[in-house]
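Chain by chain, the residues run as shown.
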Amino acid sequence: MAKVRLVQGNEACALGALKAGATFYAGYPITPSTEIAEHMAEMMPACGGKFIQMEDEIGSIGAIIGASCTGAKSFTATSGPGFSLMQELVGYAAITEVPIVVVDVQRMGPSTGLPTLSSQGDIQQARWGSHGDHSLIAIAPSSVMETYYETINAFNLAEKYRTPVIFLLDEEIGHLRERFEVEDDEKVEIIDRKKPTCDPKDYVPYSNAEPDGVPAMANFGDGYRYHVTGLTHNEKGFYSSSLPVVDAFNRRLTDKIENAVDDIFKYEEFHVDDCDILLIAYGSVARSAQEAMLELREEGYKVGLLRPITIWPFHDKLIAKACAGKKAVIVPEMNLGQYAREVSRVAPSDVPVLPLCRVDSELIIPEEVVELVKEVAK
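Per chain, the residues get numbers from 1 upward, laid out in the order the sequence is written. Given that this is a predicted model, residues contribute local features only at a pLDDT of at least 70 and side-chain atom pairs are listed and counted only at 80 or more, while totals for whole chains, interfaces and linings are drawn from all residues. Note that the side-chain values use all heavy atoms of the structure and ignore hydrogens as well as water.

1. Remarks on the overall build of the chain
Regarding its fold elements, the chain presents 14 helices and 15 strands. All radius of gyration figures rest on C-alpha atoms, and the globule criterion is 2.2 Å times the number of residues raised to 0.38. Computed over its C-alpha atoms, the radius of gyration of the chain comes to 21 Å, within 12% of the 21 Å expected for a compact globule of 378 residues. Overall size of the chain, expressed as C-alpha extent along the three principal axes, is 70 × 50 × 45 Å. All accessibility values rest on the Shrake-Rupley procedure with a 1.4 Å probe; residue burial counts only the protein chains present in the view. Carbon and sulfur atoms make up 52% of the accessible area of the chain, which amounts to about 15,800 Å² in all. Two residue types count as positive, namely Lys and Arg, and two as negative, namely Asp and Glu; His and chain ends fall outside the count. Think of each charge as sitting on NZ of Lys, CZ of Arg, CG of Asp or CD of Glu. Each charge class in the chain was averaged separately, 35 positive and 56 negative side chains, and the resulting centres sit 4 Å apart. Every helix listed is a DSSP run of H or I at least four residues long, and every strand listed is a run of E at least two residues long, numbered separately from the N terminus.

2. As for the packing of aromatic side chains
Any pair of Phe, Tyr and Trp rings, taking the six-membered ring for Trp, is counted once the centres come within 6.5 Å. Such a pair is stacked with planes under 30 degrees apart, edge-to-face with planes over 60 apart, and tilted for the rest. Counted under the stated rule, the structure contains twelve aromatic pairs. Where Y148 meets F180, the ring centres are 5.3 Å apart and the plane angle is 90°; that geometry is what we call edge-to-face. Placement of the pair is Y148 in helix α7 (residues 144–161) and F180 in strand β9 (residues 177–181), with a sequence separation of 32 residues. For every residue, the accessible area obtained with a 1.4 Å probe (protein chains only) is divided by the maximum for its type, and the residue is called buried under 20%, exposed over 50%, and partly exposed between those limits. The buried category is assigned to Y148, whose relative accessible area is 3%. With a centroid separation of 6.5 Å and an interplanar angle of 50°, the aromatic rings of W312 and F314 are classed as tilted. No difference in accessibility class separates W312 from F314, as the two residues are buried.

3. Remarks on the side chain of S60
By secondary structure assignment, the location of S60 is in helix α3 (residues 57–69). Using a relative accessible area of 1% as the deciding quantity, one classes S60 as buried. Discounting chain neighbours no more than four positions away, the residues touching S60 are A26, G27, Y28, M54, T76 and M86. Residues count as neighbours in contact if any of their non-hydrogen atoms are within 4.5 Å of one another.

4. Some words on a negative patch on the surface
A patch consists of residues exposed above 30% relative accessible area that lack any salt bridge, with like charges linked at up to 9 Å and nonpolar side chains (Val, Leu, Ile, Met, Phe, Trp, Tyr) linked at up to 5 Å. The salt bridge criterion pairs a side-chain nitrogen of Lys or Arg with a carboxyl oxygen of Asp or Glu, the two atoms within 4 Å. Taken together, E291, E295, E298 and E367 make up a surface patch of like negative charges. The element best represented in the negative patch is helix α11 (residues 283–298), accounting for three residues. Along the chain, the position of E367 falls in helix α14 (residues 366–377).

5. Brief notes about the sheet that holds strand β15 (residues 353–357)
Following DSSP output, two strands are said to pair if at least two bridges run between them. Overall, mixed pairing links the five strands, which are arranged β10-β12-β11-β14-β15 in an open sheet. One side of each edge strand has no neighbouring strand; the edge strands of this open sheet are β10 (267–270) and β15. Strand after strand, the sheet turns through a mean of 20° between neighbouring axes, direction not considered. Across four bridges, the pairing between β10 and strand β12 (residues 303–308) is antiparallel. For Y267, the partnering residue across the bridge sits in β12 and is P308. Sheet contacts for α11: β10, β11 (277–280), β12 and β14 (328–333); angle to β12, the most-contacted strand, approximately 165°. Helix axes are fitted to C-alpha atoms over the stretch in contact, other axes to C-alpha atoms as well, and angles between N-to-C directions run from 0 to 180 degrees.

6. Overview of unusual backbone geometry
Geometrically, the link from G109 to P110 is a cis peptide bond, its omega value of 5° lying close to zero. With respect to the helices, strands and loops of the structure, P110 is situated in the loop between β5 (100–108) and β6 (114–118). In this structure, P313 follows W312 across a cis peptide bond, with omega equal to 0°. Assignment of secondary structure puts P313 in the loop between β13 (310–312) and α12 (316–323). Even without being glycine, H271 reaches a positive phi, approximately 55°. Tracing the backbone shows H271 in the loop between β10 and β11. With a phi close to 85°, S361 is a non-glycine residue in the positive phi region. Position of S361 relative to the elements: it lies in the loop between β15 and α14.

7. A closer look at the packing of helix α1 (residues 9–20) against α7
One way to put it is that α1 packs onto α7 with a least axis distance of 7 Å and a crossing angle of 35°. Taken as a pair, α1 and α7 cross one another with a handedness that is right-handed. Within the contact between the two elements, α1 uses G9, A12, C13, L15, G16, A17, K19 and A20 and α7 uses V144, T147, Y148, T151, I152 and F155. Of the residues that constitute the contact of α1 with α7, the class distribution is nine nonpolar, four polar and one charged. Handedness of a crossing follows from how the near helix is turned relative to the far one, being left-handed for an anticlockwise turn of less than a right angle and right-handed for a clockwise one. By the convention adopted, Pro, Cys, Tyr, Trp, Phe, Met, Ile, Leu, Val and Ala count as nonpolar, Lys, Arg, Asp and Glu as charged, and the other residues, Gly among them, as polar.

8. So, the nonpolar core
One finds I61, L278, I280, I319, V329, Y339 and V343 to be the most contacted residues of the largest nonpolar core, which totals 55 residues. Examining the composition of this core, we find that six residues originate from one element, α3, more than from any other. If we skip the residues at most four places from it in the chain, Y339 touches I123, I280, Y282, P308, T310, I311, F314, V331 and E333. Buried Ala, Val, Leu, Ile, Met, Phe, Trp, Tyr and Cys residues form a nonpolar core when they are joined through side-chain atoms within 4.5 Å. With 43 residues, the next largest nonpolar core counts V7, M44, F75 and V103 among its residues.

9. Observations regarding α11
End to end, α11 covers 24 Å across 16 residues, agreeing with the expected 22 Å (1.5 Å per residue, within 8%). Of all the positions in α11, only G283, S284, V285, A286, S288, A289, A292, M293 and L296 are classed as buried. Just downstream of α11, G300 is the residue with a positive phi angle, here 100°. Multiply 1.5 Å by the residue count of a helix minus one, and that product is the helix's expected span.

Below is the structure:
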């Protein structure tokens, strides 16, 4: 019988990481993510893993990249200012195809902002914070239980696609305490990186020949010697400025994720097909949007909800199809329309996309969504 507990979102993230097989955590305390570090400091050594408090956020992400190269499933947790400091090495992990998970418990910004209050202001940063062309994966859960399972999913995706995965909690979910009940936990799928089976002399660490675009990854110390560099490199890992080599490498780096969007993108939908007004919301705001939808449908308004769990890669075709034929699409979020801009990019030209934004650190409440829907429906 499952054990029922009252668990905080940040703790659920730590528990999910351990279930996924994480064995290395390096981090620097920062509100509102610090509880993750606290839980890992207690639980990681007890499970045979390693916990290190680093001198700063740059050291933290550098350490987890190094640990991942040795085969450890590794992660760190931070918030906006620390996430900004990590961006160069997010790009390094992307170009070297080292799987890591970076948890960003979003808070009000910019800069120091309001450290203890909530925001969803890092949506675009999660995708475009590091320079250059590459893709990556970002996930935004909406509950404590979902935080647990989607943390596992984050590690699985990092390992499967050899990529950084950004786990976008917001302060509301990170500090929320809810019923936590894990059933049939042994049935949870755990994915490990694909390892080479060839003779070490034949190993191609950045091969373009794999059907899924994801080369096998040898761990340091396993007898496969290869070069790791942040420079654009050929299939053997050595620097190259050859135009065909650079083009093929950069396209594969993006295509291995964008071409797998059907596998990666997770979402939940309610009454999308039969609605006149569609709500699109994620993270904590999706809870308010769902409550508003239920209230409005009881009053006879044909309202639906699409809740992206995967934020990046953005599923152009799915979102465009969901928006088609609607009187309006409303995107409530705790920023100035960062996800709404993506929805506007793919929505049919005759469907208005209306952002519903708060940037005062307060959660959007159901009444605000109800009010806008009724105004649009007039």
